[in-house]
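Structure at a glance
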Amino acid sequence: MSVYSYLKSFQSEETQKKYYPLKVSILKVFYFLVAPFRFFLTLHNLYKIKKRIHSKEVIKLNLGCGTDYKEGWINIDNNSDYNISKLDLNWNLSRGLPFPANSVDFIFNEHFLEHLSVEQGKVFLKSCLKVLKPGGVIRIAMPDLAKTVASYYDEHWKENPSLKKFNLTFIKTRAEKINISFRWWGHQWLYDYEELERRIREVDSSAIITKCNNGKSDYSELCGLETRDESILIVEVTKG
Ligand SMILES: C[S@@+](CC[C@H](N)C(=O)[O-])C[C@H]1O[C@@H](n2cnc3c(N)ncnc32)[C@H](O)[C@@H]1O
């Protein structure tokens, strides 16, 4: 429990409602005051990354990293709540990547693409394929819509260990479970293999798409990257 929610738990609903506009105003002033700092931090981080790109280093991007900071990778996310100082770059990836074409060797993202709308996802994928060097690879790891739907029909759905893992044991019906899968955590669009392949082909018909298993890859740089057993749908996309 955060300090904020602990303090909040002492307040009545009425007090919370009364002070809500004040809280919003304070937050707005705060974001206004830190905006120049964030702007210069972004410029500084972009400069540092540009220097790495111009060195002989193998450039690897970990996108929508959350708190999964990978050593030797450029870790990017737009969540400044808890990790602004640890990220290599705070960036809204639905607008694409701010790097030159043909400058990146590997891209990894886990449980990220389903947080973008279809259009944002296509902008993102197009931008990844643009910044990759020819022969460069994007590895995409995500939940599989086919499994989500299958679990709706599974009569033992309540025994699924992920319910306990994600504190979802309160779920009473399979309808509630499938709705949560679609709507919670900022999910915008869930994929099965057919849909993922279609969206990748829409942005680059010449890309080579390979299905992979969790943790396994022909590229040593892409082995053992997944952090979740729920990463079931995994593909590597090689730029032609
Ligand atoms: C479910 S978390 C996955 C984090 C990490 N990859 C993992 O597997 O633990 C999704 C992450 O995507 C990030 N994200 C969502 N939309 C984003 C956007 N438009 N630009 C950058 N990051 C975004 C969120 O901030 C969050 O950290």
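Check the entry above for the structure.
Residues numbered from 1 in each chain as written. Predicted model: local features only at pLDDT ≥ 70, side-chain atom pairs only at ≥ 80, totals over all residues.

Turning our eyes to something else, we now look at the packing of helix α4 (residues 118-131) against helix α8 (residues 193-203). Between α4 and α8, whose axes approach to 9 Å, the crossing angle comes to 60°. Comparing their axes, α8 and α4 come out oblique. The crossing of α4 and α8 is right-handed. Listed contacts from α8 to V118, G121, K122, L125, K126 and L129 of α4 are R199, I200, E202 and V203. Of the residues contributing to the contact of α4 with α8, the split by class is five nonpolar, one polar and four charged. (Axes fitted to C-alpha atoms, helices over the stretch in contact; angles between N-to-C directions. Helix = DSSP H or I, 4+ residues; strand = E, 2+ residues; numbered from the N terminus. Parallel < 35°, antiparallel > 145°, perpendicular 65-115°, else oblique. Left-handed = near helix turned anticlockwise from the far one by under 90°. Contact = placed C-beta atoms within 7 Å. Nonpolar A, V, L, I, M, F, W, Y, C, P; charged D, E, K, R; others polar.)

Let's shift gears to unusual backbone geometry. Residues other than glycine seldom take positive phi values, yet N167 does so here, at roughly 55°. By secondary structure assignment, the location of N167 is in the loop between α6 (161-165) and α7 (174-183). Accessibility expressed as a C-beta count within 10 Å gives 7 for N167, which makes it exposed. Positive phi is not limited to glycine here, since W185 has a value of about 60°. Within the secondary structure, W185 is located in the loop between α7 and α8. (Buried ≥ 20, exposed ≤ 12 C-beta atoms within 10 Å, placed from the backbone.)

For the rest of this paragraph, the subject is the site of the ligand. By nearness alone, 17 residues border the ligand, and G64, G66, N78, N79 and L93 come closest of all. Each residue belonging to the shell around the ligand can be placed in one class, and the counts come to four nonpolar, nine polar and four charged. (Near = placed C-beta within 6 Å.)

Moving on to the nonpolar core. Counting residues in each nonpolar core, the largest one holds 39 residues, and the members touching the most others are I76, I107 and C128. A per-element tally of this core places strand β5 (residues 132-142) first, with six residues. What I107 contacts, discounting residues up to four positions off in sequence, is L61, L63, C128, L132 and I138. (Core = buried A, V, L, I, M, F, W, Y, C linked by C-beta atoms within 7 Å.)

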